[in-house]
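# Coordinate analysis (summary)
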Amino acid sequence: MSHTAALAAPGLLMDTVASGAAENLSGFSAWTVRIMETLGPIGVGFLVFLDNIFPPIPSELVLPLAGFTASRGQLSLVLAIVFATIGSVVGAVLLYAIGRWIGLDRIVRVAVKMPLVDVADVHKTVSWFDRHGDKAVFFGRMIPIFRSLISIPAGMRAMPMVKFILLTAAGSTIWNTVLIVAGFLLGENWSIVETYAGYFQTLVIAVVVIALVVWIVLKVRSRRRRSRAETTEA
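Residues numbered from 1 in each chain as written. Predicted model: local features only at pLDDT ≥ 70, side-chain atom pairs only at ≥ 80, totals over all residues. Heavy atoms only, no water.

### Concerning the overall build of the protein
What the protein contains, in helices and strands, is ten helices and zero strands. Reading the protein from its N end, one meets helices and strands in the order α-α-α-α-α-α-α-α-α-α. In the protein, which comprises 234 residues, the share counted as buried stands at 37%. If you take every contact in the protein between residues at least 6 apart in sequence, the share linking residues at least 24 apart comes to 78%. Looking at the protein as shown, the accessible area adds up to about 13300 Å², and 70% of this sits on carbon and sulfur atoms. (Helix = DSSP H or I, 4+ residues; strand = E, 2+ residues; numbered from the N terminus. Buried < 20%, exposed > 50% of the residue type's maximum accessible area, 1.4 Å probe, protein only. Contact = heavy atoms within 4.5 Å. Areas by Shrake-Rupley, 256 points an atom, 1.4 Å probe, with all protein chains shown as cover.)

Right, dumping it as structure tokens:
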């Protein structure tokens with residue numbers, strides 16, 4: 001083997017291994033990597049945008065895969081983080097606009113017609129957001145499901161757009177960087193990130209479901225007590 005060929009061999013070997021790793025992916029993961037390889041950083045931003053407006057597309061999968069793709073040399077790590085954050089902000093602004101369009105008055109009109117929901121509950125939630133909105137928008141970007149939903153009350157309460165974008169960008173940058181860099185460092189073992197992020201998402205969903213069940217039980221009991229009190233007074 002010539003000296004030139006010997007030097008080139010390790011690079012060829014790395015390319016072969018990287019291609020093999022890509023071929024081992026299937027389903028949504030393979031499609032995601034293909035989008036990123038074809039569109040580059042724009043593909044990352046597009047997928048993260050979709051994650052924001054359509055939560056069933058999990059950023060816990062998309063972001064580590066962006067890091068994995070970057071580790072193969074198919075994508076710039078820095079640009080992946082930048083465009084992932086851009087995608088997060090654009091998706092959040094769209095949901096913010098929907099919140100502005102819905103407005104508090106429409107929510108109140110809907111609440112009146114919903115069983116177990118009191119208009120007072122809506123106003124309490126709004127008051128809570130007025131007190132903690134900045135922290136909710138910032139930290140909400142790092143919590144599954146809430147990443148998308150928190151933009152709507154921000155729009156309903158007309159949070160200043162510049163503040164909303166800055167808080168969204170800051171929180172999203174942290175979340176995106178952690179998962180993308182983890183996927184980059186783990187390489188072919190990127191699925192470890194997905195696994196543990198999946199545990200976190202499951203925990204969040206479980207807490208939300210438990211809280212919802214407790215809220216329904218308390219509401220039903222409250223309605224029954226109120227009904228008995230009204231019957232007694234009659």
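Further notes follow.
### Description of the UniProt feature "transmembrane region" (unreviewed entry) in the protein
Here the UniProt feature "transmembrane region" (unreviewed entry) sits at residues 77-99, 164-186 and 198-218. Helix makes up 100% of residues 77-99 and strand makes up 0%, while its end C-alpha atoms are separated by 33 Å. Taken end to end, residues 164-186 has its terminal C-alpha atoms 33 Å apart, with 100% of it in helix and 0% in strand. (UniProt positions renumbered as here; feature names shortened; annotations may be inferred.)

### Some words on the packing of helix α4 (residues 59-71) against helix α9 (residues 161-186)
Interaxial distance between α4 and α9 falls to 6 Å at its minimum, and their mutual angle equals 50°. When the axes of α4 and α9 are compared, the pair comes out oblique. For the element pair α4 and α9, the recorded crossing hand is right-handed. Contacts between α4 and α9 involve S59, E60, L63, P64, A66, G67, F68, A70 and S71 on the former and, on the latter, W175, N176, L179, I180, G183 and F184. Considered class by class, the residues forming the contact of α4 with α9 number nine nonpolar, five polar and one charged. (Axes fitted to C-alpha atoms, helices over the stretch in contact; angles between N-to-C directions. Parallel < 35°, antiparallel > 145°, perpendicular 65-115°, else oblique. Left-handed = near helix turned anticlockwise from the far one by under 90°. Nonpolar A, V, L, I, M, F, W, Y, C, P; charged D, E, K, R; others polar.)

### A look at a nonpolar patch on the surface
A contiguous nonpolar surface patch, about 480 Å² in accessible area, is contributed by I53, F54, L94, I98 and W101. For the nonpolar patch, the leading source of residues is helix α5 (residues 77-113), giving three residues. By secondary structure assignment, the location of W101 is in helix α5. (Patch = residues over 30% accessible without salt bridge, like charges linked within 9 Å, V, L, I, M, F, W, Y side chains within 5 Å. Salt bridge = Lys/Arg side-chain N within 4 Å of Asp/Glu carboxyl O.)

### Structural notes on the packing of aromatic side chains
All told, the structure shown has two aromatic pairs when counted by the stated rule. With a centroid separation of 4.7 Å and an interplanar angle of 40°, the aromatic rings of Y96 and F164 are classed as tilted. One end of the pair, Y96, is in helix α5; the other, F164, is in helix α9, and 68 residues separate them in sequence. Neither residue differs from the other here; Y96 and F164 are each classed as buried. Measuring from ring centre to ring centre gives 4.8 Å for F138 and F139, while their planes differ by 80°; the resulting arrangement is edge-to-face. Note on F139: relative accessible area 47%, which makes it partly exposed. (Phe/Tyr/Trp six-rings, centres within 6.5 Å; stacked < 30°, edge-to-face > 60°.)

### Side note on the packing of helix α3 (residues 41-53) against α4
At their nearest, the axes of α3 and α4 sit 10 Å apart, and the two run at 170° to each other. One element, α3, and the other, α4, form an angle in the roughly antiparallel class. When α3 is examined against α4, the residues V44, L47, V48 and D51 are found in contact with a partner set consisting of S59, V62, L63 and A66. Considering only residue class, the contact of α3 with α4 consists of six nonpolar, one polar and one charged.

### As for the confidence of the model for the protein
Confidence in the prediction for the protein averages 74 pLDDT; 60% of positions are at 70 or higher. Within the protein, α9 carries the highest mean pLDDT (92), whereas helix α1 (residues 3-23) carries the lowest (40). Confidence over residues 1-22 falls short of pLDDT 50; this stretch has seven contacts with residues more than four positions distant or in other chains. (pLDDT = per-residue confidence, 0-100.)

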